[in-house]
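Fold and contact review
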Amino acid sequence: MSNWQPTASPAALRRRAELLARVREHFLMTNALEVTTPVLGAYASAEPTLENLVVSGGGVQGFLRTSPESALKRLLAAGSGDVYEIGPAFRGNEYGRLHLTEFTLLEWYRLGKNHHQLMDDVAALIASAGYSDGILRLTYADLFQSCFACDPHGVGTEELMVLAGHLPLSPESLAGYDRSMLFDALFAHRMSARLSELGAVFVYDFPLELRAYARLDDANPPAAQRFELIIDGIEIANGYYEITNADEQAACFAAENTLAQSRGIAPVQSDEFWLAALRTGLPPVAGVALGIERLQLVLESAATIADVTAFGQ
Amino acid sequence: MATFSTNQFKSGLKLLFDGDPYSIIENEFVKPGKGQAFNRIKLRNLKTGRVIEKTMKSGESAEGADVVDVEFQYLYNDGEDWHFMNPQTFEQITIPLAVAGDAAKWIKGQEMCEITLWNDLPIAVVVPNFVVLQIEATDPGVRGDTASGGTKPATMETGAVVKVPLFIEQGDLLRIDTRTGEYVSRAKEE
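On a predicted model such as this, the values are computed, not experimentally measured, just so you know.

**Comments concerning the overall build of chain A**
A count of helices and strands for chain A gives 10 helices and 11 strands. Against the globule reference of 20 Å for 313 residues, chain A gives a C-alpha radius of gyration of 19 Å, in line with a compact fold. With the C-alpha coordinates aligned to their principal axes, the bounding extent of chain A is approximately 50 × 45 × 45 Å. Taken across its 313 residues, chain A has 52% of its residues classed as buried. Side chains of chain A carry 22 positive and 38 negative charges; the gap between the two charge centres is 5 Å.

**Let's talk about the pattern of salt bridges**
Considering all chains together, one arrives at 21 salt bridges over all chains under this definition. Across the salt bridge formed by Glu47 of chain A and Lys34 of chain B, the nearest N and O atoms sit 3.3 Å from each other. Here Glu47 of chain A is found in the loop between strand S2 (40–41) and strand S3 (53–57), whereas its partner Lys34 of chain B is found in the loop between strand S3 (20–30) and strand S4 (38–45) on a different chain. On the basis of relative accessible area, Glu47 of chain A is assigned to the buried category, the value being 8%. Across the pair Asp121 of chain A and Arg110 of chain A runs a salt bridge, and its minimum N-O distance is 2.7 Å.

**With respect to the interface of chain B and chain A**
Each side of the interface is counted separately: chain B has 18 residues, and chain A has 25 residues. Both sides together, the interface formed by chain B and chain A hides about 2000 Å², and carbon and sulfur atoms give 52% of it. In this structure, Glu94 of chain A engages Lys31 of chain B in a salt bridge whose closest nitrogen and oxygen atoms are separated by 3.5 Å. One can count nine residue pairs in polar contact (both at pLDDT 80 or more) joining chain B with chain A. The set of elements that each furnish at least two residues to the side of chain B that touches chain A consists of S3, S4 and strand S5 (51–57) of chain B. Tallying contributions element by element places S5 of chain B first for the side of chain B that touches chain A, with four residues. Across the side of chain B that touches chain A, the residue classes tally to four nonpolar, seven polar and seven charged.

**A word on the pairing of strand S8 (residues 81–85) of chain B**
Residues and elements named next belong to chain B. With four of five residues buried, S8 lies mostly within the body of the structure. The hairpin turn running from strand S7 (residues 67–77) into S8, its antiparallel successor, is three residues long, and Gly79 in that turn takes a positive phi close to 95°. As judged from the five bridges shared by S8 and strand S9 (residues 92–96), these two strands associate in the antiparallel manner. Along S9, the bridge assignment pairs Trp82 with Ile95.

**Some remarks on the nonpolar core**
All names here are of chain A. Counting 37 residues, the largest nonpolar core has Leu106, Trp108 and Leu290 as the members making the most contacts within it. It is helix H3 (residues 115–128) that contributes the most residues to this core, five residues altogether. Look past the residues within four positions of Leu106 in its chain and what remains in contact with it is Val23, Phe27, Tyr84, Glu85, Ile86, Leu125, Val288, Ala289, Leu290 and Ile292.

**Notes on helix H2 (residues 69–77) of chain A**
Along H2 of chain A, the residues classified as buried are Glu69, Ser70, Ala71, Leu72, Lys73 and Leu76 of chain A. Two residues or fewer past H2 of chain A, Gly79 of chain A is found with a positive phi of approximately 95°.

**A few points about the sheet that holds S3 of chain B**
Taken together, four strands build an open sheet; the order of strands is S2-S3-S4-S5 (chain B) and the sheet is antiparallel. Edge positions in the sheet fall to strand S2 (14–17) and S5 of chain B, since each has one partner strand and no second. Geometrically, the sheet is characterised by an average inter-axis angle of 45° between neighbouring strands, direction not taken into account. Looking at chain direction, S3 of chain B and S4 of chain B are connected through eight bridges and run antiparallel. Considered in S4 of chain B, the bridge of Glu26 of chain B is made with Lys42 of chain B. Across the sheet, helix H7 (residues 179–195) of chain A is in contact with S3, S4 and S5 of chain B; its angle to S4 of chain B comes to roughly 60°.

**Concerning the confidence of the model for chain B**
Residue and element names in this part refer to chain B. Chain-level statistics for chain B give a pLDDT mean of 89 and a share of 95% at 70 or above. No element of chain B has a lower mean pLDDT than helix H1 (residues 97–100), at 78, and none a higher one than S2, at 95. Note on the complex model: pTM 0.84, ipTM 0.89.

**Some words on the packing of H2 of chain A against helix H9 (residues 272–280) of chain A**
Residues and elements named next belong to chain A. Two numbers describe how H2 lies on H9: the axes approach to 9 Å, and their chain directions differ by 25°. Looking at the two axes, H2 sits roughly parallel to H9. The chirality of how H2 crosses H9 is left-handed. Facing Glu69, Ser70, Lys73, Arg74 and Ala77 of H2, the residues of H9 in contact are Phe273, Trp274, Ala277 and Thr280. Split into classes, the residues belonging to the contact of H2 with H9 amount to four nonpolar, two polar and three charged.

What counts and how
All residue numbers refer to positions counted from 1 along the written sequence of the respective chain. Chains carry letters and ligands carry numbers; both start at the beginning, A for chains and 1 for ligands, and go up in the order they are written. A pLDDT threshold of at least 70 governs which residues receive local features in this predicted model, and a stricter bar of 80 or more applies before side-chain atom pairs are shown or counted, although totals over entire chains, interfaces and linings include all residues. Hydrogens and water are ignored here; the side-chain numbers use all heavy atoms of the structure. Put simply, DSSP marks the helices as runs of H or I at least four residues long and the strands as runs of E at least two long, and each gets a number from the N terminus on. As a reference, a globule follows 2.2 Å times the number of residues to the power 0.38, and the radius of gyration itself is taken over C-alpha atoms. Burial classes: relative accessible area under 20% of the type maximum marks a residue as buried, over 50% as exposed, and values in between as partly exposed (1.4 Å probe, protein chains only). Neither His nor the chain termini are counted; the positive set is Lys and Arg, and the negative set is Asp and Glu. Positions of charges follow a simple convention, taking NZ of Lys, CZ of Arg, CG of Asp or CD of Glu. We define a salt bridge as a side-chain nitrogen of Lys or Arg found within 4 Å of a carboxyl oxygen belonging to Asp or Glu. Any pair of residues with heavy atoms lying within 4.5 Å of one another is described as a contacting pair. Each of two parts loses accessible area, computed with a 1.4 Å probe, when they are put together; buried area is these two losses added. In the analysis that follows, any N or O atom pair within 3.5 Å is treated as a polar contact, provided that within protein one partner can donate a hydrogen and the other can accept it, and provided that, for residues neighboring in sequence, both atoms belong to side chains. Only Asp, Glu, Lys and Arg are considered charged in this grouping, and only Ala, Val, Leu, Ile, Met, Phe, Trp, Tyr, Cys and Pro are considered nonpolar; every other residue, Gly among them, is considered polar. At least two bridges found by DSSP between two strands is the condition for calling them paired. The nonpolar core is taken to be a set of buried Ala, Val, Leu, Ile, Met, Phe, Trp, Tyr and Cys residues, with the residues joined through side-chain atoms within 4.5 Å. The axes used here are C-alpha line fits, helices contributing only the stretch in contact, and every angle between their N-to-C directions lies in the interval 0 to 180 degrees. On a range of 0 to 100, pLDDT expresses the predictor's confidence in each residue. Orientation is classified from the angle alone, with under 35 degrees giving roughly parallel, over 145 giving roughly antiparallel, 65 to 115 giving roughly perpendicular, and any other angle giving oblique. Crossings are sorted by hand: turned counterclockwise from the far helix by less than a right angle, the near helix makes the crossing left-handed, and turned clockwise it makes it right-handed.

Structure, rendered in structure tokens:
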């Protein structure tokens, strides 16, 4: 084998170690408990846009986690208090300048906090990691308005089709897009280009179609109370004011399976551990997942995620 | 021809879009937040040279184009077609001047050229990056003027017109960069 060498330089690996030390210090100072949860689980992620890696053999049938969300929520429900985990996550068929199949997620939860308070916490963490620029806060609606001059909440599907018709997508393919795909296409092309001119931005309060597992607010139509931290057009973190009602969470899983089937993707079994934990009761909580390699990439203006990953082949 | 899924895309891969052959120049995987993944690709139309952008949903596929590049030696042109030969097999191929396009004005014979074949038909010719040609006509040289930076047009033996420094004389051999059409230096007889 000729490409046995690491893809990150020794200096980059040292900076990674320093970054992780500063992250741990932040949580030590703010009273969150570091935990380690299983990488291998019995349930697949239900998100139709994530591809699960299947483990089969050695007497095991399971999935490599796409994030530690389920296990961390079970810990919270069992009375752990604020927790965080730094560990590997796996997502199939993701590769390129900003993606690796295996990468490092930092995920943490703050009890009694909402997504706005969690943004403050993310900003503090990023600052202690060495990011000194200010971070803008922008609603998804304001960003969408500035790109397309229309309100994303409750926008008609035909109007979304017209907007996406200006993108370099093949018309045959576009005809099969559902609403969330249309939002994703508009984001991937136009909105992320706008964001890349704005430095560091928290985009928050997303349309219903991009709800994921966030609580909804009281507006009509409601917005999903989540945020993304995007620096120089690169997504760094994704946070939620979490759903704590088991029925609401189960409805989200069901909706994801319906969407998956409409896209020709096999549905998955709902994570019963997760739902059972919510049924025992979880206080209000906000949680966020942050890509460690992405953060390092932005901090040192690295060209690719492989440059900050020991073996990013 | 085979089809290729987006996860097989890489630069240099030849694909068919709207009936034309394209070569991938750039392939970028983009995935917004929790959303759908896309491959944003830049493609060069191998017939026209035009570069276009396309986006596909990751997992979609595109038809491959049967495109190969072969090295042939230029023999002569008869006013309508160019004639090339494969120096190994002596197989000959004719290419309409229209296909050869602008490249035609840089070669006079014997040069090895890269010919792009699509379904075995030639669609493009790439001449060597540098050629040596003799000047057929230009204004008399300004002796000793190697520094003033002025230029004048010179007509080469193939008919191509190149801007040359003032000291260059009719009959001189010049080394020319065919990609930019610019004079590089004087050359010795090959």
